[in-house]
Amino acid sequence: MAEIHLKNLAHSYSANPAGVDDYAIREMNHVWEQGGAYALLGPSGCGKSTLLNIISGLLSPSEGQVLFDSKVVNDLTPEKRNIAQVFQFPVVYDTMTVFDNLAFPLRNQGMAEAKIALKVQEIAEVLDLQPLLKKKASNLTADEKQKVSMGRGLVRDDVSAILFDEPLTVIDPHLKWKLRRKLKQIHEQFNITMVYVTHDQLEASTFADKIAVMYGGAIVQFGTPRELFERPKHTFVGYFIGSPGMNLIEVQPHAGGVGFGDVYVPLSEALQQKIASTPWKTLKIGIRPEFVHVWDGRYDDALCAEVVYVEDLGTYKIITLRLADQTLKVRLQEDKPVPQGQAWISFPSQWLMVYADDYLLEVSP
Ligand code: ADP
Ligand code: MG
């Protein structure tokens, strides 16, 4: 088991990278602590698999270091790093039985057969594979094969870390939930560092204590699901997490705050100073649909928006508003009156974020 430290790490698949755009991983420093359950969340192509393969040793980074418990492992093979990796598509030996597939990593270590039998039984039980132990892997369904593949990753409890690269892609939706629970259980039982790659925010937040959100080859925020929801440090986190995502509106500085069209939004003195002292090309405000305050009726200090569309989703409604040529989504609980034609709204300062070139401007409260 290990703490994994990525130090000034960067990777380009090109032999002569000309600029940052040629990097699949932009220079980063990051620590995965020993025993943590982590998710690496981001859209397709943002560099998740590249980063995972660098950690496991399948890929050698073009710059920087990978350290396990303060020891540089750049030159060690995946076997020497003692990492288990589970991939998107099952990796099983078709000609072997399920039992032999699960026993394979243990036999490689030279473990005694009696102990192997116990270990295989234990992991087969967790994954509901006991009825299949004697079957040839070639006769399994895609779901079952992936469970065997996961079992091979999980059967050893002496590994430094287990890395999962979108392992539930080929799994049936109803089984997905069950397997996620199992992974969590296994994590709690063995306290192994786990990094789980996914592009699904729900999958990430049900598995992980902490999520690293990746975008364009960089980890733009590392935090608990709640931190990502309440204080997105990058507009991408605001947009990607939540359903629908954060409202983001480009604004210009204005006396006492910021503005867009004929709308004026006041900001604290501290934020105004921060905007003035930070170099930026684009300035945006961000507020989550859950945090927009809707007044029950006309309210003079509020902004007046036009109601475009109301979508009833049972326990809540999503209202689409127009405000000075901008579209805004608002989430309204079912017990709240639905505004007709016009809505009087405000942006509570606690939930109103300001982004300079997409990064959150932070001021002490
Ligand atoms: P993800 O797993 O998040 O979908 P990847 O790590 O697979 O992303 O890819 C990150 C970027 O690197 C993408 O732009 C992809 O096209 C590129 N890439 C991935 N693998 C290779 C490769 N073997 N050679 C060249 N470019 C690659
Ligand atoms: Mg990938």
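Cut-offs used in this document
- Residues numbered from 1 in each chain as written.
- Chains lettered and ligands numbered in written order.
- Predicted model: local features only at pLDDT ≥ 70, side-chain atom pairs only at ≥ 80, totals over all residues.
- Heavy atoms only, no water.
- Core = buried A, V, L, I, M, F, W, Y, C linked by side-chain atoms within 4.5 Å.
- Buried < 20%, exposed > 50% of the residue type's maximum accessible area, 1.4 Å probe, protein only.
- Contact = heavy atoms within 4.5 Å.
- Pairing = 2+ DSSP bridges.
- Helix = DSSP H or I, 4+ residues; strand = E, 2+ residues; numbered from the N terminus.
- Domains from an automatic or database assignment.
- Buried area = accessible area lost by both parts, 1.4 Å probe.
- Salt bridge = Lys/Arg side-chain N within 4 Å of Asp/Glu carboxyl O.
- Polar contact = N/O pair within 3.5 Å; in protein donor to acceptor, adjacent residues only side chain to side chain.
- Patch = residues over 30% accessible without salt bridge, like charges linked within 9 Å, V, L, I, M, F, W, Y side chains within 5 Å.
- Areas by Shrake-Rupley, 256 points an atom, 1.4 Å probe, with all protein chains shown as cover.
- Lys, Arg positive; Asp, Glu negative; His and termini not counted.
- Charge placed at Lys NZ, Arg CZ, Asp CG, Glu CD.
- Expected span 1.5 Å × (residues − 1).
- Axes fitted to C-alpha atoms, helices over the stretch in contact; angles between N-to-C directions.
- Near = heavy atom within 4 Å.
- Nonpolar A, V, L, I, M, F, W, Y, C, P; charged D, E, K, R; others polar.

Student: Would you mind showing me how to read the nonpolar core here?
Tutor: Leu102, Leu154, Ile162, Phe164, Ile211 and Val213 are the most contacted members of the largest nonpolar core, which has 50 residues in total. Filtering out sequence-adjacent residues up to four positions away, Val213 remains in contact with Leu41, Ala218, Ile219, Val220, Gln221, Leu228, Phe236, Val237 and Ile241.

Student: Would you mind going over the sheet that holds strand E1 (residues 4-11) with me for this structure?
Tutor: Hydrogen bonds along the backbone pair up the strands of a sheet, which may run parallel or antiparallel. The strand order across the open sheet built from 4 strands is E2-E1-E4-E5, with neighbouring strands paired in antiparallel fashion. Only two strands of the sheet have a single partner each, and these edge strands are strand E2 (25-32) and strand E5 (71-72). Of the strand pairs in this sheet, strand E4 (residues 63-68) and E5 are connected by 2 bridges, and their pairing is antiparallel. Across the sheet, Phe68 pairs through a bridge with Lys71, a residue of E5.

Student: I'm lost on the domain arrangement of the protein chain in this one. Help?
Tutor: A common way to report how large an interface is uses the accessible area buried once the components associate. Along its sequence, the protein chain is carved into domain 1 (4-239) and domain 2 (245-360). Computed over C-alpha atoms, the centres of domain 1 and domain 2 are 38 Å apart. Every contact between the two is made by 12 residues of domain 1 and, on the other side, 13 residues of domain 2. Buried area between domain 1 and domain 2, summed over both chains or domains, comes out near 1100 Å², and the portion from carbon and sulfur atoms is 61%. Across the domain 1-domain 2 interface, the total number found is 0 salt bridges. Counting across the domain 1 and domain 2 interface gives 7 residue pairs in polar contact (both at pLDDT 80 or more). Those elements that provide at least two residues to the side of domain 1 that touches domain 2 are helix H8 (225-230) and helix H9 (235-240).

Student: Help me understand a negative patch on the surface, please; the structure alone is not making it clear to me.
Tutor: A surface patch of negative charge is lined by Glu311, Asp312, Glu334 and Asp335. Looking at the secondary structure, you find Glu311 in strand E17 (residues 303-312). Residue Glu311 is classed as partly exposed on the basis of its relative accessible area, which comes to 33%.

Student: Before we go on, may I ask you to explain helix H6 (residues 173-190) in this structure?
Tutor: Each full turn of the α-helix corresponds to 3.6 residues, which orients residues three or four apart in the same direction. For H6, spanning 18 residues, the distance from its first C-alpha to its last is 26 Å, which sits close to the expected 26 Å at 1.5 Å a residue. Of the positions making up H6, those classed as buried are Leu175, Leu179, Arg180, Lys182, Leu183, Lys184, Ile186, His187 and Phe190. For H6, the elements touching its buried residues are strand E3 (37-41), helix H4 (113-126), helix H5 (142-154), strand E7 (161-165), strand E8 (193-198) and helix H7 (201-207). Just beyond H6, the residue with positive phi is Asn191, at close to 55°.

Student: What exactly am I supposed to notice about the sheet that holds strand E6 (residues 83-86) here?
Tutor: Taken in spatial order, the 6 strands make up an open sheet running E6-E7-E8-E3-E9-E10, and their pairing is mixed. Because the sheet does not close on itself, it has two edges, and the strands there are E6 and strand E10 (218-223). With direction set aside, neighbouring strand axes in the sheet form an average angle of 15°. Of the strand pairs in this sheet, E3 and strand E9 (residues 210-215) are connected by 4 bridges, and their pairing is parallel. Within the sheet, the bridge partner assigned to Leu40 lies in E9 and is Ala212. Running at roughly 155° to E7, helix H1 (residues 48-56) makes contact with E3, E6, E7, E8, E9 and E10 of the sheet. Where H5 meets the sheet, it contacts E6, E7 and E8, and its direction lies at approximately 170° from that of E6.

Student: What is the right way to read the site of ligand 1 from this model?
Tutor: Every residue near ligand 1 is listed here: Tyr13, Ala24, Pro43, Ser44, Gly45, Cys46, Gly47, Lys48, Ser49 and Thr50. Contacts to ligand 1 include Gly45, whose backbone N or O atom sits 2.7 Å from an oxygen atom. Measuring from an oxygen atom of ligand 1, one finds a side-chain N or O atom of Thr50 at 2.5 Å. Surface burial for ligand 1 is 52%, taken as the share of its 560 Å² of free accessible area covered by protein chains. Counted by class, the shell around ligand 1 contains 4 nonpolar, 5 polar and 1 charged residues.

Student: Is there a simple way to explain the pattern of salt bridges in this structure?
Tutor: Should their charged atoms come close, side chains of opposite charge can pair. In this structure the tally under the stated criterion is 15 salt bridges. The partner of Glu113 in a salt bridge is Arg107, and the shortest N-O contact between them spans 2.8 Å. For Glu113, a relative accessible area of 44% translates into the label partly exposed. One salt bridge connects Asp158 with Arg156, and the closest N-O pair in it is separated by 3.3 Å. Overlapping salt bridges, with partners in common, bring together Asp100, Arg107 and Glu113 in one network.

Student: Please explain the environment of Phe87 as it appears in this structure.
Tutor: With respect to the secondary-structure elements, Phe87 resides in the loop between E6 and helix H3 (98-108). For the pair Phe87 and Asn108, spaced 21 residues apart in sequence, the C-alpha to C-alpha distance is 20 Å. Every residue in contact with Phe87, bar those within four places of it in the chain, is listed here: Asn53, Leu58, Gln146, Asp165 and Pro167.

Student: Which parts of the structure should I look at to understand the environment of Asn108?
Tutor: Within the secondary structure, Asn108 is located in helix H3. Considered as a pair, Asn108 and Gly35 are 73 residues apart in the sequence and their alpha carbons are 25 Å apart.

Student: Honestly, the pairing of E17 in this entry has me stumped. Any pointers?
Tutor: When a strand is regular, its side chains alternate between the sheet's two faces. In this structure, E17 lies alongside strand E20 (residues 342-346), joined through 4 bridges in antiparallel fashion. From the neighbouring strand, Glu306 faces E20, where its bridge partner is Gln342. As paired strands, E17 and strand E18 (residues 316-323) are joined by 6 bridges and run antiparallel to one another. When the bridges of E18 are listed, Tyr309 appears paired with Thr320. Hairpin connection from E17 to E18: 3 residues lie between these consecutive antiparallel strands, with Gly314 at a positive phi of about 90°.

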